[in-house]
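Fold and contact review
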Amino acid sequence: MESLEKLNVDSMGHQVIIFDFSLIRGLWETRVKKNKERQKKEKERLEKSSLEKIKQEWNFILECRKKGIPQSKYLKNGFVDTDEKILDTYRKTPQLQKRHALSDEENKEKNKFIFQLSGEQWMEFPDSLKEQIYLKEWHVYNTLIKTIPAYIALFQNLRVLELSKNQINHLPVEIGFLKKLRVLNVSFNNLKSIPPELGDCENLEKLDLSGNMEIEELPFELSNLKQVTVVDVSANKFHSIPICVLRMSNLQWLDISSNNLKDLPEDIDRLDQLQTLLLQKNKLTYLPRALASMPKLSLLVVSGDDLVEIPTAICESTTGLKFVSLKGSPVETIVCEDTEEIIESERDREQFEKEFMKTYIEDIKERDLTPSYTMKVLLSLQL
């Protein structure tokens, strides 16, 4: 090679190879430059691909839903019209302006009892918060906060605790003092376990633990949460549906997708109020017959790639059950030296897929002509 020079040293009887490091450095700089060019081209390719278009369409649909724009205004013959004029038109209508004026007054009064915090400059809660124990809601997201202060026990009027997309690594046992708490969202944090004291929050209605990636089980004490209607534990490491969840008698929505489930309990039909069950991206090979005897189950979503046994009663349900079998190619993870980058990409992907599924499910429920027989959807997401 031209980048190497050989030097014979007769007195020692050895051949010494001397590397020209300047040439080697130049070689690696060239490789790095080519790699960056490849990454740039791949990014441009994705931006032009149909996947990017699908992503834009779903984001546009989400924005329309938030503004209350009817589906008929942006859906033409089954295709999404992403014209920004649609949003502008609805911003300028007198009815909407009047509605905004009324809502502004209502929000001023309501905001007196709401604490909001966001931004990566926050690594802990401000000291002034402990003096505002009259608050009814906390909305904290996209911060670097790792711990929830023990003085949260003083907030006896707290009803909503929205703490998604932070760095929280554990919930304090004092959370059990929040008897009026109705909504707890600690999704996309770094939780690995849940304190049994959460079972003392007897009025809790919605529990969202999704996207923490590491939770494997829930304490049995959560069986006391008889008012819970929504549980989301997707994107974690559950090997089975927790016993406490099976004892939540009012449960209507259960999302346990993106976990490690290999089977479902034969007595899953004890959840007789359950309406929506999301099981996609697990390791299920069969579905129990008990699913067909759940009187209120109206939507069942699974990944069809590994399933070898599906009860005929589910496919031919006469109760209006919509059975969706998603078939998707695995998402490739780019391995890099920085493990944190891999974890972040997985979280981002799970978050995007969750938004996708949420909108997709809402769309299914809105469509009056949706057939009740088995639907198969090709879903291939690569970010």
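Every value quoted in this text rests on a predicted model; they were computed, and no experiment measured them. (Residues numbered from 1 in each chain as written. Predicted model: local features only at pLDDT ≥ 70, side-chain atom pairs only at ≥ 80, totals over all residues. Heavy atoms only, no water.)

1. Section: the overall build of the chain
Along the backbone of the chain there are 8 helices and 15 strands. Every one of the 383 residues in the chain was classed for burial, and the buried ones make up 38%. Look at the contacts in the chain between residues 6 or more apart in sequence, and 35% of them connect residues 24 or more apart. (Helix = DSSP H or I, 4+ residues; strand = E, 2+ residues; numbered from the N terminus. Buried < 20%, exposed > 50% of the residue type's maximum accessible area, 1.4 Å probe, protein only. Contact = heavy atoms within 4.5 Å.)

2. Focus: unusual backbone geometry
For lysine 165, which is not glycine, the phi torsion reads 60° and is therefore positive. With respect to the helices and strands, the residue lysine 165 is situated in the loop between strand 7 (160-162) and strand 8 (183-185). A relative accessible area of 34% means that lysine 165 is categorised as partly exposed. Within the chain, methionine 213 stands out as a residue other than glycine whose phi angle is a positive 70°. Inspection of the secondary structure assignment puts methionine 213 in the loop between strand 9 (206-208) and strand 10 (230-232).

3. Considerations on the packing of aromatic side chains
Scanning all chains against the criterion turns up 5 aromatic pairs. Centroid distance tryptophan 138 to phenylalanine 155: 5.1 Å. Interplanar angle 85°. Geometry classified as edge-to-face. Taken together, the residues span a long stretch of sequence, with tryptophan 138 in strand 6 (residues 137-141) and phenylalanine 155 in the loop between strand 6 and strand 7 at a distance of 17 residues. Each member of the pair, tryptophan 138 as well as phenylalanine 155, carries the same accessibility label: buried. Among the aromatic residues, those joined into a cluster by ring pairs are Phe115, Phe125, Trp138, Tyr151 and Phe155. Looking at lysine 136, its charged tip hangs above the ring of phenylalanine 113, at a distance of 4.8 Å from the centre. (Phe/Tyr/Trp six-rings, centres within 6.5 Å; stacked < 30°, edge-to-face > 60°. Lys NZ or Arg CZ within 6 Å of the ring centre and 35° of its normal.)

4. Some words on the pairing of strand 6
Both strand 5 (residues 114-118) and strand 6 contribute to a ladder of 5 bridges, which runs parallel. Across the sheet, serine 118 pairs through a bridge with tyrosine 141, a residue of strand 6. Where strand 6 and strand 7 come together, 3 bridges link them in parallel fashion. Considered in strand 7, the bridge of histidine 139 is made with glutamate 162. (Pairing = 2+ DSSP bridges.)

5. Topic: a positive patch on the surface
A cluster of like positive charges, contributed by Lys66, Lys165, Lys206 and Lys358, occupies part of the molecular surface. Tracing the backbone shows lysine 358 in helix 8 (residues 339-366). (Patch = residues over 30% accessible without salt bridge, like charges linked within 9 Å, V, L, I, M, F, W, Y side chains within 5 Å. Areas by Shrake-Rupley, 256 points an atom, 1.4 Å probe, with all protein chains shown as cover. Salt bridge = Lys/Arg side-chain N within 4 Å of Asp/Glu carboxyl O. Lys, Arg positive; Asp, Glu negative; His and termini not counted. Charge placed at Lys NZ, Arg CZ, Asp CG, Glu CD.)

6. Considering the pattern of salt bridges
Going through the model one piece at a time under the given rule, you end up with 6 salt bridges. Two residues, glutamate 214 and lysine 237, come together in a salt bridge whose shortest N-O distance is 3.2 Å. Here glutamate 214, found in the loop between strand 9 and strand 10, pairs with lysine 237, found in the loop between strand 10 and helix 6 (243-246); they are 23 residues apart in sequence, far enough to count as distant. Overall, glutamate 214 belongs to the partly exposed group, its relative accessible area being 31%. According to the relative accessible area criterion, lysine 237 is partly exposed, its value standing at 30%. Here the salt bridges share partners, and the residues they tie into one network are Asp232, Asp255 and Lys354.

7. Structural notes on the side chain of glutamine 280
Along the polypeptide, glutamine 280 turns up in the loop between strand 12 (276-278) and strand 13 (299-303). Setting aside chain neighbours within four positions, we find glutamine 280 in contact with Ser257, Ser258, Val301, Val302, Ser303, Leu326 and Met357.

8. Brief notes about the side chain of asparagine 185
Examined against the element boundaries, asparagine 185 turns out to sit in strand 8. Taking relative accessible area as the criterion, asparagine 185 reaches 8% and is therefore assigned buried. At a separation of 2.8 Å, a polar atom in the side chain of asparagine 185 contacts the side chain of glutamate 162. Sequence-distant contacts of asparagine 185, defined by excluding residues within four places in its chain, comprise Leu161, Glu162, Leu163, Ser164 and Asp208. (Polar contact = N/O pair within 3.5 Å; in protein donor to acceptor, adjacent residues only side chain to side chain.)

9. What to know about the confidence of the model for the chain
Here the chain shows a mean pLDDT of 80. Residues at 70 or above account for 73%. A low-confidence stretch, residues 1-21 (pLDDT under 50), is modelled with 17 contacts involving residues beyond four sequence positions or located in other chains. Considering only residues more than four positions removed or in separate chains, one finds that residues 329-343, a stretch of pLDDT under 50, has 14 contacts. (pLDDT = per-residue confidence, 0-100.)

10. Focus: the environment of glutamine 121
On the secondary structure map, glutamine 121 appears in the loop between strand 5 and strand 6. C-alpha of glutamine 121 to C-alpha of threonine 143: the two residues are 22 residues apart in sequence and 6.9 Å apart in space.

11. A closer look at the environment of phenylalanine 155
Note on phenylalanine 155: relative accessible area 0%, which makes it buried. Measuring from C-alpha to C-alpha, the distance between phenylalanine 155 and isoleucine 133 comes to 4.7 Å, with 22 residues separating the pair along the chain. If near-sequence neighbours (up to four positions away) are discounted, phenylalanine 155 is found in contact with Leu129, Lys130, Gln132, Ile133, Leu135, Trp138 and Leu178.

12. Some thoughts on the environment of glycine 119
Along the chain, the position of glycine 119 falls in the loop between strand 5 and strand 6. With 23 residues separating them in the primary sequence, glycine 119 and asparagine 142 have C-alpha atoms 5.5 Å apart. When sequence neighbours within four positions are dropped, the list of residues in contact with glycine 119 reads Tyr141, Asn142 and Thr143.

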